[in-house]
Amino acid sequence: MSHTYSTLDWSVSDHILTLTLNRPEQMNAFTVEMCNELIHAFDRASADDDVRAIIVTGAGKAFCAGMDLSREGNVFGLDESQQPTLSDMNERFSDKDIVEGVRDTGGRVALAIFRCTKPVIAAINGAAVGIGATMTCAMDIRLACEHTRIGFVFGKVGIVPEACSTWFLPRIVGISTALEWSMTADIFKADVAKEAGFVSKVVSADTLMQEARALASKMVERSAVSVAMIRQMMYRNSALDHPADAHKVESLGMFYTSLKDGKEGVASFLEKRPADFKARVSTDMPPVYPWWDKQESSD
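Remember, it's a predicted structure, so these values are computed and weren't measured experimentally.

Counting residues in hydrophobic clusters, the biggest one holds 52 residues, and the most contacted among them are L19, F30, L38, F42, I54, F152 and F198. Residue contributions to this core peak at seven residues, all from helix 1 (residues 32-47). Each residue touching F30, except ones within four places of it in the same chain, is listed here: C35, L38, C64, G66, M67, D68, T105, G106, V109, I131 and M135. The next biggest cluster of nonpolar side chains, apart from the first, holds 13 residues, and it includes A123, L143, A212 and M219.

Before going further, it helps to spend a moment on the sheet that holds strand 9 (residues 201-203). Spatially, the six strands line up as an open sheet ordered 1-2-3-4-6-9, and their pairing is mixed. Of all the strands in the sheet, just strand 1 (8-13) and strand 9 have a single pairing partner and so form its edges. For this sheet, the mean angle separating the axes of adjacent strands, direction not counted, is 20°. Where strand 2 (residues 16-21) lies against strand 3 (residues 53-58), six bridges are found, and the strand directions are parallel. Along strand 3, the bridge assignment pairs L21 with G58. Lying on the sheet, helix 1 is in contact with strand 1, strand 2, strand 3 and strand 4 (120-124); it crosses strand 1 at an angle near 15°.

What follows concerns the packing of aromatic side chains. According to the stated counting rule, one finds 14 aromatic pairs in the structure shown. Ring centres of Y289 and W291 lie 6.3 Å apart, and the angle between their planes is 70°; this geometry places the pair in the edge-to-face category. The exposure class assigned to Y289 is partly exposed, which follows from its relative accessible area of 22%. We classify W291 as buried; its relative accessible area is 17%. Their ring planes at 90° and their centres at 5.5 Å tell us that Y289 and W292 sit as a pair that is edge-to-face. Judged by its relative accessible area of 15%, W292 falls in the buried class.

The peptide bond linking Y289 to P290 adopts the cis configuration, its omega dihedral lying at -10°. Position of P290 relative to the elements: it lies in the segment after helix 12 (261-270). With phi around 70°, H15 is a residue other than glycine that occupies positive phi space. With respect to the helices and strands, the residue H15 is situated in the loop between strand 1 and strand 2. The exposure class assigned to H15 is partly exposed, which follows from its relative accessible area of 32%. With a phi close to 55°, M27 is a non-glycine residue in the positive phi region. Residue placement: M27 occurs in the loop between strand 2 and helix 1.

Time to look at the environment of I55. With respect to the element layout, I55 can be found in strand 3. Discounting chain neighbours no more than four positions away, the residues touching I55 are I16, L17, T18, L19, I121, A123, M209, A212, R213 and A216.

Before going further, it helps to spend a moment on the pattern of salt bridges. All chains considered together, the criterion is met by 15 salt bridges. Measuring nitrogen to oxygen at the nearest pair gives 3.9 Å for the salt bridge that ties R213 to D14. You can see R213 sitting in helix 9 (residues 208-220) and its partner D14 sitting in the loop between strand 1 and strand 2, a full 199 residues away along the chain. The exposed category is assigned to D14, whose relative accessible area is 59%.

Calculation notes
- Residues numbered from 1 in each chain as written.
- Predicted model: local features only at pLDDT ≥ 70, side-chain atom pairs only at ≥ 80, totals over all residues.
- Heavy atoms only, no water.
- Core = buried A, V, L, I, M, F, W, Y, C linked by side-chain atoms within 4.5 Å.
- Buried < 20%, exposed > 50% of the residue type's maximum accessible area, 1.4 Å probe, protein only.
- Helix = DSSP H or I, 4+ residues; strand = E, 2+ residues; numbered from the N terminus.
- Contact = heavy atoms within 4.5 Å.
- Pairing = 2+ DSSP bridges.
- Axes fitted to C-alpha atoms, helices over the stretch in contact; angles between N-to-C directions.
- Phe/Tyr/Trp six-rings, centres within 6.5 Å; stacked < 30°, edge-to-face > 60°.
- Salt bridge = Lys/Arg side-chain N within 4 Å of Asp/Glu carboxyl O.

Here you go:
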């Protein structure tokens, strides 16, 4: 699936996709075009068996400095002629007018990341504020460097957090820290993010991508189907009402994965050799997948 992007750079090496936000002169500020390209890129990566892990980073000195506020009209790309209600969001979620004129662009990207079948690592190489911070909440692991500055700054400009961050952020750092960061709208350093568990590691700028690739390489060596199932099971099952609900999904996941890559994994362990997993996400996901009742919109 070939495609040329205007705001992103797509590069695959050793089954690792490096997806680079590529507006360095604007500090990779987020636009509606970047939103649509990111959605396309994550859906494309999900369908591409050559991609086994994804690293997201920024070109130049910033990761993403937030929404590009230079556009005319509603800077967030919203259609002010509409008066949407919660009923509209529930009943017309995928309608073009709602998708393009009401739903926040960051949330549409976050849902594309959420439904992705590949692990996603954020290599936060500089400023990550506003959507630059919230989009990383939907990514699985965040690494930072000493130049990283993070801010959930929505209160400073009189709006609310977006990109599904009110669902993700409290799960990552706890409700109290999520509230503090969002209500003060402070910009903080990488060590604060590390202490709160928002980023897993702070490294030098020179080694950030090396660290990210080393982490991604470990995931690439595992069963692609296993990794895809684990990713969705952790997010979705942790939000279920009872552990028995998780047990049902885990039982079917275990049953079907044990028939393919599971056999190779056991054989490689007993024979003391590297595993040669063959199952593909595009064709070999267990029949229980997807197990959730309401699949997200493809947009």
